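Read off the chains here:
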Amino acid sequence: MQGTARKDRHGGGVKAPRTVATLSPPRCLKLTAAEKAVFREVVELLDSVPGLLADVDAFVLGLLCEKVAERNELRKILKKEGRTCESKNGAPYQHPAVGQLNGAEKMILDIARDYGMNPVARDRLDVAAKTSTVETGNRFEQYLAAAMNC
């Protein structure tokens, strides 16, 4: 009758590490200048949520930035070349970049979920979700929304 209610399943879960004002991308990822710029912007946005970031987050955030830059490049390719290609005998098929774009966006969304970038994930993280309002969302949500509209 009592069930197995646990805080980690119903909000108020694991406490996030203390906030870090500055993170630098790990050297092992060898980020490009564009990816480093995305990294700085993402860290600034995520750091606006108290208690969310720690030094150990640099690697995963670096991967996120690689995927955001990859997504932007793939979108440029698809805008230029279209979403379909034509085979030698004239049959249309999906441009290979479409699948790559879908994979990059899935990874971006997976990492964003891990950092509490949707209402359910924020509830599980037990960080200062109170800092975002229903009307405006937090700065990282606004960034993702703007990125998806480009």
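Computed from a predicted structure; not experimentally measured.

Asker: Can you help me understand the nonpolar core in this one?
Answerer: Across soluble globular proteins, you tend to see nonpolar side chains buried next to one another. Within the largest apolar cluster, 25 residues are counted, with the highest numbers of intra-cluster contacts made by Phe 39, Val 42, Leu 46, Leu 61, Leu 64, Tyr 115 and Phe 140. Elements with a contribution of two residues or more to this core: helix 1 (33–46), helix 2 (58–81), helix 3 (96–114) and helix 5 (139–148). Setting aside anything within four residues of it in sequence, one finds Leu 61 in contact with Leu 23, Phe 39, Val 42, Val 43, Leu 46, Leu 53 and Tyr 115. Counting residues in hydrophobic clusters, the runner-up holds 5 residues, among them Leu 74, Leu 78, Ala 97 and Leu 101.

Asker: What is the right way to look at the pattern of salt bridges in this model?
Answerer: Two side chains carrying opposite charge are able to pair once their charged atoms lie near each other. Under the criterion given, the structure shown has 5 salt bridges. Residue Lys 76 pairs with Glu 73 through a salt bridge whose shortest N-O separation is 3.5 Å. Of this pair, Lys 76 and Glu 73 both sit in helix 2, 3 residues apart, which is roughly one turn of the helix. For Lys 76, a relative accessible area of 55% puts it in the exposed group. The class of Glu 73 is partly exposed, set by a relative accessible area of 44%.

Asker: I'm lost on the side chain of Asp 57 in this one. Help?
Answerer: With respect to the helices, strands and loops of the structure, Asp 57 is situated in the loop between helix 1 and helix 2. At 2.6 Å, the side chain of Asp 57 and the backbone nitrogen of Ala 54 are in polar contact. Leave out the neighbours within four places in its chain, and Asp 57 touches Leu 23, Leu 52 and Tyr 115.

Asker: What should I look at first to understand the confidence of the model for the protein chain in this one?
Answerer: Caution is warranted with low-pLDDT regions, since their predicted coordinates should not be read in detail. Averaged over all residues, the pLDDT of the protein chain is 79; the fraction at 70 or higher stands at 72%. In the model, residues 128–135 has pLDDT below 50 throughout and makes 7 contacts with residues more than four positions away in sequence or in other chains.

Asker: Explain helix 3 here, please?
Answerer: Spanning 19 residues, helix 3 covers 28 Å between terminal C-alpha atoms, matching the ideal 27 Å at 1.5 Å per step. Burial in helix 3 covers these residues: Ala 97, Val 98, Leu 101, Ala 104, Glu 105, Ile 108, Ile 111 and Ala 112. Angular distribution of buried residues about the axis of helix 3 spans 155 degrees; they occupy a single face of the element. Of the residues in helix 3, the exposed ones pointing more than 90 degrees away from the buried face are Pro 96 and Lys 106. Of the residues one or two after helix 3, Gly 116 is the one with positive phi, at around 75 degrees.

Asker: Before we go on, may I ask you to explain the packing of helix 2 against helix 3 in this structure?
Answerer: Pairs of packed helices are described in terms of their axes, by the angle between the two and the distance that separates them. Relative orientation of the contacting elements helix 2 and helix 3 amounts to 150 degrees, with a least axis distance of 9 Å. By the angle class used here, helix 2 and helix 3 are roughly antiparallel. Here helix 2 and helix 3 pass one another in a crossing that is left-handed. Between helix 2 and helix 3, the contacting residues are Val 60, Leu 63, Leu 64, Lys 67, Val 68, Glu 70, Arg 71, Leu 74, Arg 75, Ile 77 and Leu 78 on the first element and Ala 97, Val 98, Gln 100, Leu 101, Ala 104, Glu 105, Met 107, Ile 108 and Ile 111 on the second. Grouping the amino acids of the contact of helix 2 with helix 3 by side-chain chemistry returns 14 nonpolar, 1 polar and 5 charged.

Thresholds, definitions, all that
- Residues numbered from 1 in each chain as written.
- Predicted model: local features only at pLDDT ≥ 70, side-chain atom pairs only at ≥ 80, totals over all residues.
- Heavy atoms only, no water.
- Core = buried A, V, L, I, M, F, W, Y, C linked by side-chain atoms within 4.5 Å.
- Buried < 20%, exposed > 50% of the residue type's maximum accessible area, 1.4 Å probe, protein only.
- Helix = DSSP H or I, 4+ residues; strand = E, 2+ residues; numbered from the N terminus.
- Contact = heavy atoms within 4.5 Å.
- Salt bridge = Lys/Arg side-chain N within 4 Å of Asp/Glu carboxyl O.
- Polar contact = N/O pair within 3.5 Å; in protein donor to acceptor, adjacent residues only side chain to side chain.
- pLDDT = per-residue confidence, 0-100.
- Expected span 1.5 Å × (residues − 1).
- Arc of directions from axis to C-beta.
- Axes fitted to C-alpha atoms, helices over the stretch in contact; angles between N-to-C directions.
- Parallel < 35°, antiparallel > 145°, perpendicular 65-115°, else oblique.
- Left-handed = near helix turned anticlockwise from the far one by under 90°.
- Nonpolar A, V, L, I, M, F, W, Y, C, P; charged D, E, K, R; others polar.

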